[in-house]
Amino acid sequence: MKRFIFFSAMFIFAVPMDGQGLHGYVFGEDSDGMKTTLAGAVVVWEGTRSGTVCDENGFYSIGLAPGSSKLVAGFIGYVSDTILYEGQAEVNFVLKESATLNAVQITEEVGSTTINMLNPQAFQVLNEKELCKAACCNLSESFETNASVDAAYADAITGTRQIRMLGLEGKYTQMLFDNVPASRGLASTYGLTYIPGPWVKNIYISKGAGSVTAGYESISGQINVAVKSPANAEKFQLNAYAGSSGRTELNLIYNPHHEDSTEHVHRVTFRPVFLAHGAMSQFRSDMNRDGFLDNPLFANVLLRNEWHLSTQSGISGQYVLGFIYLNGQSGQFDFNPADDIRAKLWGTDLQTRRYEFVGKTGYVFRDKPWKSFGSQVTMQWHDQSGRFGYRNYLGQQLSGRMNLLFATRIFSDAHKITTGTSFNYDDYTEGITYTDFPPLPLSSLQLGRMEQVIGVFSEYTWNHQEDFTLVAGLRSDYHNYYGLFFTPRLHARYSFNPRNSLKLVAGKGYRTANLLMDNVGVLAGNRNIIIEGNNENGIYGLDMEEATNVGLIWSLKRKINHRDASMSIDVYHTQFQKQVVLDMETPTIARFYNLSGNSYSTSAQVEIQWSPVRRLECRMAYRWLDAKTTYDSLLLERPLLNKHRAFINLAFATKEKSNGAHWRFDATAQWISQKRIPFTGDIHGGHEGHAVDPASTYSNDYFQLNAQVTYAFKKDLEIYVGGENLTNFMIHDAIISADDPSSAFFDGSMVWGPVFGRMGYVGFRWLIK
């Protein structure tokens, strides 16, 4: 009954209220009449320096400027437009593409990855052009062409992919879907598969601590994924994919009212978009001949229905319903989930069902558009169960989150403040049971808990003309297990000129550990899981993880041979005060315990982007890491983490014909340095190494090459053919004791490189704009 009352109250806050204010959308229209929202368009009051920039949905909100009654919108490659303000609540712009002159054609090439020079909290923006450089079947595969985020497999059996940022696992990076925290709890690892690549409009990558308005869980970074919505999705989109590994996918987006997105005849308008995804792989392969499947078998269905509300009275809202069904299988080549566990074949079989609701409502005060109120409400039910070898797994999570925000200015637009309150509710039922066959020293675990966190926050923004911005935030939260804690964060940006800026990021972050799903690779073997907690008040006796992150970013844009070029250099240091350590330094055992000693990660990266000739884009990067953790009393490099990574991405497109036909060529090469492998208690296949501690070795370094060729028949239809891991490098001994899965030494978690060889794929994209 308490849960019903709580979630009913949260739903009430998702229902819109009435009010007025000046805001709207900026659309771009090409020569074919196709309209799309313009993220990053500038809206200013004529004759003043009072303006704003549109968000990822092309939406803006701006305060009144005394002495000016004309609003101007502009965007690169489009003709600016001016509209007379006569007290209307909503002003929408439709900008026409720049005309082609008889003598001279002026064009502007927009890069696929851009560095944000102005926002102190943002670093990189990846647009659809970047995502189309590779297949990008889901979010976990959308970073293959990005140097700031590493993507790798969590183990050699389940096929689970995870990301790393600043040398830390993806669990320390806060994931946001449309500015709402997502992929939490039991979805911390598998959640990256919940958003197919074709659904993504933009990806915003911020290194270091994020904004306090999104919570306290950002430690190494924050990734905000802007999903295609009624405001920016094509009327119809169909994407199909087929890979040589047997993987097939189909994505569908339908936006029935896209053609009316700029018409506001009715007082209240609801605009929907429908997104569907289906994927399947039932092809069995064993390229490294270890007796185990190279890739998992699966059948997945994802559905999403989003509605946008707009009114002449100034109310706006976004409401999302989502459903996810995943059914995956992996393990030995002949493993069948229907067989009795005593068939001695080792395999995994996991089914996931997830239901989601997200409601966001915004209200702008009458005649005071710089003052607004917003609410965010999310509810999820997550149910997954199955089998990991000789262990049965059950995980359920009921979660709700409510975030209320109030934003206003202080005296002028130069000083703004956002304050609010939040409440998180997470009820977990999770456990693994051992079947007592074969006779292994495996323990059963029951990990249920209920977390309730209430918090308040405030974030102050100071813009000094155009050269300096300061964002200072502080939140205070009370956790029902860990009590009161504070999260201070600071972001600052100083621009020496419009093309040269320096940013400072500093702040703290906290999170509670989800032992199994945070570290799903632990279940890819027969390691006995032991929890050694010593905190009487903590969950399972373990501390709440706490870390401080400090970063410095220098961004520079220049012309080289009259062509645009940019460079960014960043250095970050993350220091853990408290951490739940996963210790796999001893064969057959995985130990969880509280940190007793030092744990840190230092990252330095330089990235250069240049277009040496028209339609050719080149991006190069090098990243260095020093990440160490104390295991018992020994400070060691974090396992399976490469200290060095070099990266280059080349993209070339031929000149478009009048109907939009053209070719695109994309290639990404990277070098991954050696990684430390803990002692496995078995021969790991003959790779040479030297001692890191008395028992560890190093892996080999290796190169990887991915490439793709795309041909667009016209603006709305294209096919693509590509290849991954074209160097055909793979680990032939990724699974320890693969020939004896009933051994206590059997372990698939020590994967340090690709477990499958060269792979090809083909697909097509069809749009009705």
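Model, not experiment: these values are computed from the prediction.

Focus: the packing of aromatic side chains
In step 1: Per the counting criterion, the structure on display carries 28 aromatic pairs.
In step 2: Where Tyr25 meets Phe59, the ring centres are 5.3 Å apart and the plane angle is 65 degrees; that geometry is what we call edge-to-face. A residue pair is termed long-range when its members are at least 10 positions apart, and Tyr25 in strand 1 (residues 23–29) and Phe59 in strand 5 (residues 59–61) qualify at 34 residues.
In step 3: Seen in terms of ring centroids, Tyr254 and Phe274 are 6.4 Å apart; in terms of plane orientation they differ by 20 degrees. Their pairing is stacked. You can see Tyr254 sitting in strand 19 (residues 247–254) and its partner Phe274 sitting in strand 20 (residues 268–281), a full 20 residues away along the chain.
In step 4: Judged by its relative accessible area of 38%, Tyr254 falls in the partly exposed class.
In step 5: In this structure an aromatic cluster arises from ring pairing among Trp663, Phe665, Tyr711 and Phe713.
In step 6: When the ring centre of Phe365 is taken as origin, the NZ or CZ atom of Lys371, which lies over that ring, is 5.7 Å away.
In step 7: Cation over ring: Arg511 sits above Tyr172, and NZ or CZ is 5.6 Å from the ring centre.

Things to note about the sheet that holds strand 35 (residues 580–583)
In step 1: Sheet architecture is open: three strands sit in the order 32-36-35, paired in mixed fashion. Both edges of this open sheet fall to strand 32 (528–532) and strand 35, since each of them pairs with a single strand only. When the angles between neighbouring strand axes are averaged without regard to direction, this sheet yields 15 degrees.
In step 2: Examined bridge by bridge, strand 32 and strand 36 (residues 589–594) share five bridges and lie parallel to one another. Opposite Ile531, over in strand 36, you have Phe592 as the bridge partner.

Overview of the nonpolar core
In step 1: Ranked by size, the top nonpolar core spans 88 residues in total, and within it Leu139, Ile203, Ile223 and Val225 carry the most contacts.
In step 2: With residues up to four places along the chain from it excluded, the contact list for Ile203 reads Gln124, Val125, Leu126, Leu131, Leu139, Ser142, Phe143, Ile223 and Asn224.
In step 3: Counting 15 residues, the second-largest nonpolar core is a separate cluster that includes Leu22, Tyr60, Ala73 and Val91.

Looking at the pattern of salt bridges
In step 1: Tallied over the entire structure, the rule returns 37 salt bridges.
In step 2: Among the ionic pairs, Arg591 bridges to Glu532, the shortest N-O distance being 3.0 Å. Here Arg591, found in strand 36, pairs with Glu532, found in strand 32; they are 59 residues apart in sequence, far enough to count as distant.
In step 3: The class of Arg591 is buried, set by a relative accessible area of 15%.
In step 4: With a closest N to O distance of 2.6 Å, Asp564 and Lys559 form a salt bridge.
In step 5: The exposure class assigned to Asp564 is partly exposed, which follows from its relative accessible area of 36%.
In step 6: Salt bridges sharing partners connect three or more residues here, namely Glu130, Lys133, Glu607, Glu617 and Arg619.

Some details on the sheet that holds strand 4 (residues 51–53)
In step 1: The four strands are arranged 4-3-6-7 in an open sheet whose pairing can be described as antiparallel. What marks the edges here is a single partner per strand, and that holds for strand 4 and strand 7 (81–84). With strand direction ignored, the average angle separating the axes of adjacent strands in the sheet is 20 degrees.
In step 2: Note: strand 6 (residues 70–74) against strand 7, four bridges, orientation antiparallel. Bridge pairing in strand 7 links Leu71 to Ile83.

Brief notes about the side chain of Asp150
In step 1: In this structure, Asp150 sits in strand 11 (residues 149–153).
In step 2: Within the structure, Asp150 has its side chain in polar contact with the side chain of Arg623 (distance 2.3 Å).
In step 3: Look past the residues within four positions of Asp150 in its chain and what remains in contact with it is Gln162, Ile163, Arg164, Arg623 and Arg645.

Some details on the side chain of His277
In step 1: Examined against the element boundaries, His277 turns out to sit in strand 20.
In step 2: Side chain to side chain, His277 and Asn251 meet in a polar contact 2.7 Å long.

What to know about the confidence of the model for the protein
In step 1: For the protein, per-residue confidence averages 87 on the pLDDT scale, and 90% of positions sit at 70 or higher.
In step 2: Note on residues 4–21: pLDDT is under 50 here. Beyond four places in sequence and across chains, it has 50 contacts.
In step 3: For the stretch residues 682–694, pLDDT sits under 50, and the model shows 31 contacts to residues farther than four places along the chain or on other chains.

Here's the deal with unusual backbone geometry
In step 1: Backbone geometry at Arg615 places phi at a positive 70 degrees, although glycine is not the residue there.
In step 2: In this fold, Arg615 is placed in the loop between strand 37 (599–610) and strand 38 (616–631).
In step 3: The backbone of Ser737 sits at a positive phi, close to 55 degrees, despite the residue not being glycine.
In step 4: Among the secondary structure elements, Ser737 is positioned in the loop between strand 45 (717–724) and strand 46 (759–768).
In step 5: Accessibility expressed as a relative area gives 11% for Ser737, which makes it buried.

Some remarks on a nonpolar patch on the surface
In step 1: A grouping of Tyr494, Phe496, Leu502, Leu504, Val550, Leu552, Trp554 and Ile569 is seen on the molecular surface, where their side chains present a nonpolar patch of about 650 Å² in accessible area.
In step 2: Elements supplying a minimum of two residues to the nonpolar patch: strand 30 (483–497), strand 31 (500–511) and strand 33 (545–560).
In step 3: The element contributing the most residues to the nonpolar patch is strand 33, with three residues.
In step 4: Along the chain, Tyr494 falls in strand 30.

Concerning the pairing of strand 38
In step 1: Strand direction decides the pairing type here: strand 37 and strand 38, joined by twelve bridges, are antiparallel. Within strand 38, the position partnered with Val606 by the bridge is Tyr622.
In step 2: Across nine bridges, the pairing between strand 38 and strand 40 (residues 644–653) is antiparallel. Residue Glu617 lies in a different strand from strand 40, and its bridge partner there is Ala651.
In step 3: Pairing of strand 38 with strand 39 (residues 634–637) involves four bridges; the strand directions are antiparallel. Its bridge partner lying in strand 39, Thr630 is registered against Leu635.

The rules behind the values
- Residues numbered from 1 in each chain as written.
- Predicted model: local features only at pLDDT ≥ 70, side-chain atom pairs only at ≥ 80, totals over all residues.
- Heavy atoms only, no water.
- Phe/Tyr/Trp six-rings, centres within 6.5 Å; stacked < 30°, edge-to-face > 60°.
- Helix = DSSP H or I, 4+ residues; strand = E, 2+ residues; numbered from the N terminus.
- Buried < 20%, exposed > 50% of the residue type's maximum accessible area, 1.4 Å probe, protein only.
- Lys NZ or Arg CZ within 6 Å of the ring centre and 35° of its normal.
- Pairing = 2+ DSSP bridges.
- Axes fitted to C-alpha atoms, helices over the stretch in contact; angles between N-to-C directions.
- Core = buried A, V, L, I, M, F, W, Y, C linked by side-chain atoms within 4.5 Å.
- Contact = heavy atoms within 4.5 Å.
- Salt bridge = Lys/Arg side-chain N within 4 Å of Asp/Glu carboxyl O.
- Polar contact = N/O pair within 3.5 Å; in protein donor to acceptor, adjacent residues only side chain to side chain.
- pLDDT = per-residue confidence, 0-100.
- Patch = residues over 30% accessible without salt bridge, like charges linked within 9 Å, V, L, I, M, F, W, Y side chains within 5 Å.
- Areas by Shrake-Rupley, 256 points an atom, 1.4 Å probe, with all protein chains shown as cover.

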